[in-house]
Amino acid sequence: MKKKNFCLGIESTAHTFAVSIIDKNCKILAEEKKMFTTKKGGIIPKELSEHHYKIAPKILENALKKSGKKINEIDLIAFSQGPGIGNALRVGANIARQLSLLNNIPLIGVNHCIAHIEIGRKICNANDPVLLYASGANTQIICYENNYYRVFGETLDTGIGNFLDTFGRKLGIGFPAGPKLDELYFKGKELLELPYTVKGMDLAFSGLLTSATKKYEEILLEKISKKDKEQKINNLIYSTLHNAFAMLTEVTERALAHTEKKQVILGGGVGCSKALQEMVEKMCKERKAKLFVPPNNVMTDNAIMIAWLGILMKKNNNKTNINQSKIKPKQRTDDIKINWRNNLIKKGNI
Ligand code: FE2
């Protein structure tokens, strides 16, 4: 059978297990995913891996069926090798290795954060943006310089998404809490005084979380009408998100100023927040920079970006042998040498 340069990508760094099949031009043939959710509480790693192992065969089968391809028509298996939750990463890596070995298909392990950048660049046609990567576990402001995606600023404690989920959990909102909090943000009418922590180019959320939680408990004890209480809680949500997003926007603006780049792109599930988008858009306008907001299906965790980065890396002679395919839960964005950005990518086979 003639090889057509199809890549099957597997994403499993955290709550989402996804399989996607794309061609060498990033045309999406199939995109299947399922997210682990809870009504109460957060992610328990053991439950997460059980969820992923349970749904993986069906997701894989559906992706192949939708793409109209058989496994022997796939030319490359790409999987997220890191960073992420070990229990979750292991599921994707195991399946990728098995598919590779059983069908004699080359394997490539990719960095999840860099995959967010590359899919954003491809889909939005953004050639050299500052990435504001805001997700559950990851909060980084990243720019390309001298063969590396350099981290200009990052969280010193928790990721912005985990911060929002923890805050949401205190308020009795299930996981993920971000979309509901974003909706309530727009109902806020008053900006309350809360911590705002930017240290150099880095940021921290724990002081804001402690303070917002304390204020919430005080509102619960107030003897006021239900309607007034609701409004006070909405004001608190508005103020908490306002400070958190303003911190992200400030560091992104500083990265723009330092690098003199003129583009910003959002990545990660929190990038879907309308409140965050509004704030970053305003900053970009003032700096005469352009904001790119990729579609939600590639801003949240997905396997399209894993497959696409696999293709870019393979074209530039990167590969992952089985004995190099160990998961890397703590892999950093700036650990990876980038050899596909300035090189002329040869057209043709993967
Ligand atoms: Fe992500």
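All figures in this text were calculated on a predicted structure; none of them were measured in a lab. (Residues numbered from 1 in each chain as written. Predicted model: local features only at pLDDT ≥ 70, side-chain atom pairs only at ≥ 80, totals over all residues. Heavy atoms only, no water.)

Visitor: Looking at this structure, how should I read the side chain of Glu73?
Guide: Examined against the element boundaries, Glu73 turns out to sit in the loop between helix 1 (45-67) and strand 4 (76-82). The side chain of Glu73 is buried and forms no salt bridge, while Lys69, the nearest opposite charge, is found at 4.3 Å. Among the polar contacts made by the side chain of Glu73, one reaches the main-chain amide nitrogen of Lys70 at a distance of 2.8 Å. (Helix = DSSP H or I, 4+ residues; strand = E, 2+ residues; numbered from the N terminus. Buried < 20%, exposed > 50% of the residue type's maximum accessible area, 1.4 Å probe, protein only. Lys, Arg positive; Asp, Glu negative; His and termini not counted. Salt bridge = Lys/Arg side-chain N within 4 Å of Asp/Glu carboxyl O. Polar contact = N/O pair within 3.5 Å; in protein donor to acceptor, adjacent residues only side chain to side chain.)

Visitor: Quick question: what am I supposed to make of the nonpolar core here?
Guide: Most often, soluble globular proteins keep nonpolar side chains buried together rather than apart. Core analysis: the biggest nonpolar cluster contains 50 residues, and Ile160, Leu181, Phe245 and Leu248 have the highest contact counts within it. Within the residue set of this core, elements represented by two or more residues are strand 6 (130-134), strand 7 (139-145), helix 4 (160-170), helix 5 (178-185), helix 6 (206-221), helix 7 (226-259), strand 11 (263-267) and helix 8 (274-287). With 13 residues, helix 7 is the largest single contributor of residues to this core. In contact with Leu181, other than residues within four places in its own chain, are Leu164, Phe167, Gly168, Leu171, Ile173, Ile237 and Leu241. (Core = buried A, V, L, I, M, F, W, Y, C linked by side-chain atoms within 4.5 Å. Contact = heavy atoms within 4.5 Å.)

Visitor: Help me out: how do you make sense of the sheet that holds strand 6 in this one?
Guide: Each strand in a sheet pairs with its neighbour through backbone hydrogen bonds, running either in the same direction (parallel) or in the opposite one (antiparallel). One open sheet accounts for 5 strands, arranged 8-7-6-11-12; its pairing is mixed. Of all the strands in the sheet, just strand 8 (148-154) and strand 12 (290-292) have a single pairing partner and so form its edges. Within the sheet, the average angular offset between the axes of one strand and its neighbour, ignoring direction, is 25°. Examined bridge by bridge, strand 11 and strand 12 share 3 bridges and lie parallel to one another. Considered in strand 12, the bridge of Val264 is made with Leu291. Against the sheet, helix 3 (residues 112-124) engages strand 6, strand 7, strand 8, strand 11 and strand 12, with an angle of about 125° to strand 6. On the sheet, helix 8 packs against strand 6, strand 11 and strand 12 and is oriented at approximately 155° with respect to strand 12. (Pairing = 2+ DSSP bridges. Axes fitted to C-alpha atoms, helices over the stretch in contact; angles between N-to-C directions.)

Visitor: Can you help me understand the confidence of the model for the protein in this one?
Guide: Close reading of the predicted structure is inappropriate where its pLDDT is low. When the pLDDT values of the protein are averaged, the result is 94; 96% of them are 70 or greater. With pLDDT under 50 throughout, residues 344-350 is counted as low confidence; its partners more than four residues away or in other chains account for 13 contacts. (pLDDT = per-residue confidence, 0-100.)

Visitor: Explain the domain arrangement of the protein here, please?
Guide: As a measure of interface size, the accessible area lost when the parts come together is often cited. By the assigned domains, the protein splits into domain 1 (6-117 + 300-346) and domain 2 (126-297). On a C-alpha basis, the centres of domain 1 and domain 2 stand 27 Å from each other. Taken together, the contacts link 29 residues of domain 1 with 24 residues of domain 2. Across the domain 1 to domain 2 interface the summed buried area is about 2200 Å²; carbon plus sulfur atoms make up 56%. The largest per-residue losses of area from domain 1 upon contact with domain 2 belong to Ile117, Thr300 and Arg341, which jointly make up 28% of the total buried on that side. Applying the counting rule to domain 1 against domain 2 returns 2 salt bridges. In this structure, Glu154 and Arg332 form a salt bridge, with 3.1 Å as the shortest nitrogen-oxygen distance. Counting the contacts that link domain 1 with domain 2 gives 11 residue pairs in polar contact (both at pLDDT 80 or more). A total of 5 residues in the side of domain 1 that touches domain 2 trace back to one element, the largest contributor, which is helix 3. Tallied by class, residues from the side of domain 1 that touches domain 2 come to 10 nonpolar, 11 polar and 8 charged. (Domains from an automatic or database assignment. Buried area = accessible area lost by both parts, 1.4 Å probe. Nonpolar A, V, L, I, M, F, W, Y, C, P; charged D, E, K, R; others polar.)

Visitor: Would you take a moment to explain the environment of Arg341 for this structure?
Guide: With respect to the helices and strands, Arg341 occurs in the segment after helix 10 (304-315). As a C-alpha pair, Arg341 and Gly9 span 332 residues in sequence and 21 Å in three-dimensional space. Ignoring anything within four residues of it in the chain, the contact list for Arg341 reads Glu118, Arg121, Asn127, Asp128, Tyr144 and Tyr149. There is a polar contact of 3.0 Å between the side chain of Arg341 and the side chain of Tyr149.

Visitor: I would appreciate a short explanation of the coordination of the iron ion in the present structure.
Guide: Four donors placed tetrahedrally about a metal ideally form angles of 109.5 degrees, and six donors placed octahedrally ideally form angles of 90 or 180 degrees. Bound to the iron ion are the protein donor atoms His112 (NE2), His116 (NE2), Tyr133 (OH) and Asp301 (OD), situated 2.1 to 2.5 Å from the metal. Classification of the site at the iron ion rests on its 4 donor atoms, whose angles at the metal span 86 to 171°, yielding the label irregular. The class for Tyr133 is buried, based on a relative accessible area of 0%. (Donors = N, O, S within 2.8 Å, 3.2 Å for Na, K, Ca; no water. Tetrahedral: all angles 85-135°; square planar, octahedral: opposite > 155°, others 65-115°.)

Visitor: Is there a simple way to explain the sheet that holds strand 1 (residues 6-11) in this structure?
Guide: Pairing is mixed in the open sheet, where 5 strands are placed in the order 3-2-1-4-5. On the outer flanks of this sheet lie strand 3 (28-35) and strand 5 (107-111), each paired with one strand and no other. The sheet shows a mean angle of 20° between the axes of neighbouring strands, direction not considered. Relative to strand 5, strand 4 runs parallel, the two being bridged by 5 bridges. Residue pairing in the sheet places Phe79 in a bridge with Gly109 of strand 5.

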